[in-house]
Amino acid sequence: MEHLQKKLNDSAFARWTVLVLVASMMFFAYMFVDMLSPLASLLNETRGWDQGVFGTYAAGEYLLNVFGFLIIAGVILDKMGVRFTGLLSASLMVVGAGIKYIGISDWFDANNIVWLNSWWTTMPGSAKMAMFGFMIFGCGCEMAGTTVSKILELVASSGEHKAKAENFISKFAKYYTPAVLLASLLLMVIYGPVTNDWREAVHKALNLVIIACPCAIVISVPLSYFAGIGLASKNGIIVKGANYLDELVHLKKLVSDKTGTLTHGAFMLTQVKPINIDETKFKEYLYAAECLSNHPIAKAIMHKVKAKDYVNQVKDYQEEAGRGITLTYQNQNIIVGNRSFLSAHNINVDEASEVGTIVYLAVNHQYMGYAVLSDELKLDAQPMVNLLHYAGVEIILLTGDKEEIAMKTCKELGIDRWHSELLPEEKTKYLEMEMNDPKKKVAFIGDGINDAPSIMRSDIGIAMGGIGSDIAVNNADVVIMNDNPAKVYDAHKIAKMTRNRAWFCVIFSLLVKLGVSIADIIV
């Protein structure tokens with residue numbers, strides 16, 4: 001085996017010949033299995049499909065699958081010690097549609113892809129896995145580029161950024177220490193001639209130097225801020241530096257993103273409104289229509305619903321990306337989608353009054369009602385608003401959602417003001433308008449790449465560390481690890497407590513030193 005490996009690694013022609021042969025055998029074996037009707041039906045049932053992977057696709061699509069099998073064959077041969085420089089640009093994993101692998105709890109989330117072939121990224125999202133039956137992805141960065149690594153770096157460097165109190169104490173010590181030495185010298189010069197006891201004069205001068213030493217003052221302030229940063233970390237809040245604790249003390253406005261910050265960032269089926277049909281049958285038709293789709297709305301509708309209960313009865317399935325689906329289910333022609341999609345099929349649809357994402361349904365060209373999906377608020381969103389209002393902090397919502405959705409969210413939570421249908425650059429513009437008073441610090445809290453410019457521009461940038469993007473976390477001054485928005489109030493409270501403790505240490509140390517020094521001189 002080692003002799004064969006050496007020969008293959010020494011000859012590029014031999015390596016690539018073996019690679020093509022292995023990939024070709026895998027490809028033709030897969031095609032042969034797919035054409036066997038009984039076995040194909042079994043495979044399709046496990047995948048949640050009603051048709052074969054390759055049975056209805058054109059020759060060009062076969063070529064793309066050949067490329068996929070080349071990668072798979074390369075992975076296998078690479079594990080056997082045959083190296084293919086340039087073929088494997090990352091640690092690759094092959095994922096089949098609907099099949100659960102170790103570390104993959106559900107369908108692969110395309111939002112987290114870090115590397116894919118160029119042809120893959122240009123295809124409609126709902127068609128990718130259904131067309132090819134598998135997908136290949138890999139890790140495109142080293143450990144140093146991950147979110148976890150960046151957060152650890154923030155923790156390590158948090159002590160490098162000094163707070164205003166620390167800077168004040170550093171400057172104060174420059175003048176305080178020479179002043180103490182001068183005072184002790186004057187005490188000796190005055191006390192000696194007056195009492196004619198130079199030994200006692202030197203003794204009292206040295207006592208003054210020791211008692212008034214600035215160590216307690218200089219050490220207590222940094223320790224207070226280190227303790228504050230540690231307490232914040234214990235509560236799941238990573239503060240980039242002590243200076244940001246000072247900024248949090250003066251927090252007067254919190255500008256917030258909505259999706260992923262105040263809400264979970266995922267659709268949930270919240271209502272169904274059947275018309276001329278009972279709710280159970282309406283849901284059955286809705287599930288049948290969405291059971292084959294990979295669209296986020298379809299995944300939300302099918303949450304906790306077994307797709308295999310419906311897929312075998314679905315025929316003539318066609319999906320128009322971003323608009324809707326047509327299919328035949330139990331000999332019934334079903335159309336599901338947005339209002340314009342049903343109107344294109346000459347179906348009159350009553351506009352829904354509910355706020356959210358609306359999915360309309362028609363059976364045999366008869367309108368049967370609609371379902372409402374909403375992005376649910378986090379349980380801690382309301383406590384965040386209540387606590388920050390109690391602390392005197394105004395809350396402003398900036399979102400790319402529609403006006404009615406933004407209005408509903410703000411009225412439900414009690415948010416002071418909002419601006420809707422904003423692009424990322426417009427969010428930054430509105431944020432700058434809020435930053436009109438330098439004494440009133442403005443924080444921005446968000447989670448995505450589109451929030452990164454605003455996080456960077458604000459006085460205090462806050463990012464969600466759990467679901468937040470790498471860019472958002474990297475540009476943030478404060479990172480909330482468990483994505484709990486109410487932690488903003490905790491950070492504000494810890495910052496105030498830290499600042500008060502630091503100044504208490506300074507004032508108390510000075511008073512003690514002054515009192516003991518006076519007592520020593522008198523006594």
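All values derive from a computational prediction rather than experimental measurement. (Residues numbered from 1 in each chain as written. Predicted model: local features only at pLDDT ≥ 70, side-chain atom pairs only at ≥ 80, totals over all residues. Heavy atoms only, no water.)

Right, let's get into the packing of aromatic side chains. Under the counting rule described, the total for this entry stands at six aromatic pairs. Aromatic side chains Tyr360 and Tyr370 sit 5.9 Å apart centroid to centroid with 55° between the ring planes, which places their arrangement in the tilted category. Residue Tyr360 is located in strand S9 (residues 357–363), and its partner Tyr370 is located in strand S10 (residues 366–377); the two are separated by ten residues in the primary sequence. In this structure, Tyr360 and Tyr370 share a single accessibility class: buried. Here Phe504 and Phe508 contribute two aromatic rings whose centre-to-centre distance is 5.6 Å and whose plane-to-plane angle is 15°, an arrangement assigned as stacked. (Phe/Tyr/Trp six-rings, centres within 6.5 Å; stacked < 30°, edge-to-face > 60°. Helix = DSSP H or I, 4+ residues; strand = E, 2+ residues; numbered from the N terminus. Buried < 20%, exposed > 50% of the residue type's maximum accessible area, 1.4 Å probe, protein only.)

The next thing to look at is the sheet that holds S9. Pairing between the strands of a sheet comes from backbone hydrogen bonds, and it takes one of two forms, parallel or antiparallel. Pairing is antiparallel in the open sheet, where six strands are placed in the order S5-S10-S9-S8-S7-S6. Of all strands in the sheet, those bounded by a partner on one side alone are strand S5 (263–274) and strand S6 (314–320). Averaged over all pairs of adjacent strands, the angle between strand axes in this sheet comes to 20°, irrespective of strand direction. Examined bridge by bridge, strand S7 (residues 324–329) and strand S8 (residues 332–337) share six bridges and lie antiparallel to one another. Among the inter-strand pairings, Leu327 is bridged to a residue of S8, identified as Ile334. (Pairing = 2+ DSSP bridges. Axes fitted to C-alpha atoms, helices over the stretch in contact; angles between N-to-C directions.)

A few words now on the packing of helix H10 (residues 215–234) against helix H11 (residues 242–249). Contact geometry of H10 with H11 gives a least axis separation of 10 Å together with a crossing angle of 80°. As summarised for this structure, H10 and H11 are arranged roughly perpendicular, according to the angle between their axes. Here Tyr225, Gly228 and Ile229 of H10 come into contact with H11, specifically with Ala242, Leu245 and Asp246. Its residues assigned to classes, the contact of H10 with H11 shows four nonpolar, one polar and one charged. (Parallel < 35°, antiparallel > 145°, perpendicular 65-115°, else oblique. Contact = heavy atoms within 4.5 Å. Nonpolar A, V, L, I, M, F, W, Y, C, P; charged D, E, K, R; others polar.)

What follows concerns the pairing of S7. Counted residue by residue, S7 has six buried out of six residues, so it is predominantly covered. Here S7 shows a buried face lined by Gly324, Thr326 and Thr328 and a second buried face lined by Ile325, Leu327 and Tyr329. Note: S6 against S7, five bridges, orientation antiparallel. What sits directly across from Glu320, in S7, is Gly324. Once S6 ends, the chain turns through three residues before running back antiparallel as S7, passing Gly322 with a positive phi of about 80°. Linking S7 to S8, which pair antiparallel, is a turn of two residues; within it Gln330 sits at a positive phi near 55°.

On to the environment of Phe341. One can find Phe341 in helix H15 (residues 339–344). Taking the C-alpha atoms as reference points, Phe341 and Glu320, separated by 21 residues in sequence, lie 9.0 Å from one another. Residue contacts for Phe341: discarding those within four places in its chain leaves Glu320, Arg323, Gly324, Ile325, Thr326, Ile335 and Val336.

Relative to each other, helix H9 (residues 198–211) and helix H21 (residues 487–522) sit at 170°, their axes nearing to 10 Å. Comparing their axes, H21 and H9 come out roughly antiparallel. On H21, the residues that touch Lys204, Asn207, Leu208 and Ile211 of H9 are Lys513, Val516, Ser517, Asp520 and Ile521. In the contact of H9 with H21, the residues fall into four nonpolar, two polar and three charged.

Further remarks concern the sheet that holds strand S13 (residues 441–446). One open sheet holds the seven strands; their spatial order is S3-S15-S14-S13-S4-S11-S12, and the pairing between them is mixed. One side of each edge strand has no neighbouring strand; the edge strands of this open sheet are strand S3 (237–239) and strand S12 (417–419). On average, adjacent strands in this sheet sit at an angle of 20° to one another, irrespective of strand direction. For S13 and strand S14 (residues 460–464), the ladder comprises four bridges, and the chain directions are parallel. Bridge pairing in S14 links Ala443 to Ile460. Of the strands in this sheet, S3, strand S4 (251–256), S13, S14 and strand S15 (478–480) are in contact with H11, which crosses S4 at around 100°. This element, helix H18 (residues 424–434), spans S4, strand S11 (394–398), S12 and S13 of the sheet and lies at about 160° to S11.

As a further point, take the confidence of the model for the protein. Of all residues in the protein, 69% have pLDDT values of 70 or greater, and the mean over the chain is 74. Note on residues 42–61: pLDDT under 50 across the span, and 40 contacts to partners over four residues away in sequence or across chains. Ignoring residues within four places in sequence, the model shows residues 158–163, a span with pLDDT below 50, making 18 contacts including any to other chains. (pLDDT = per-residue confidence, 0-100.)

This brings us to unusual backbone geometry. Residues other than glycine seldom take positive phi values, yet Asn364 does so here, at roughly 55°. Inspection of the secondary structure assignment puts Asn364 in the loop between S9 and S10. With a relative accessible area of 36%, Asn364 lands in the partly exposed category. Despite not being glycine, Glu421 shows a phi value in the positive range, around 55°. Its place among the elements puts Glu421 in the loop between S12 and H18.

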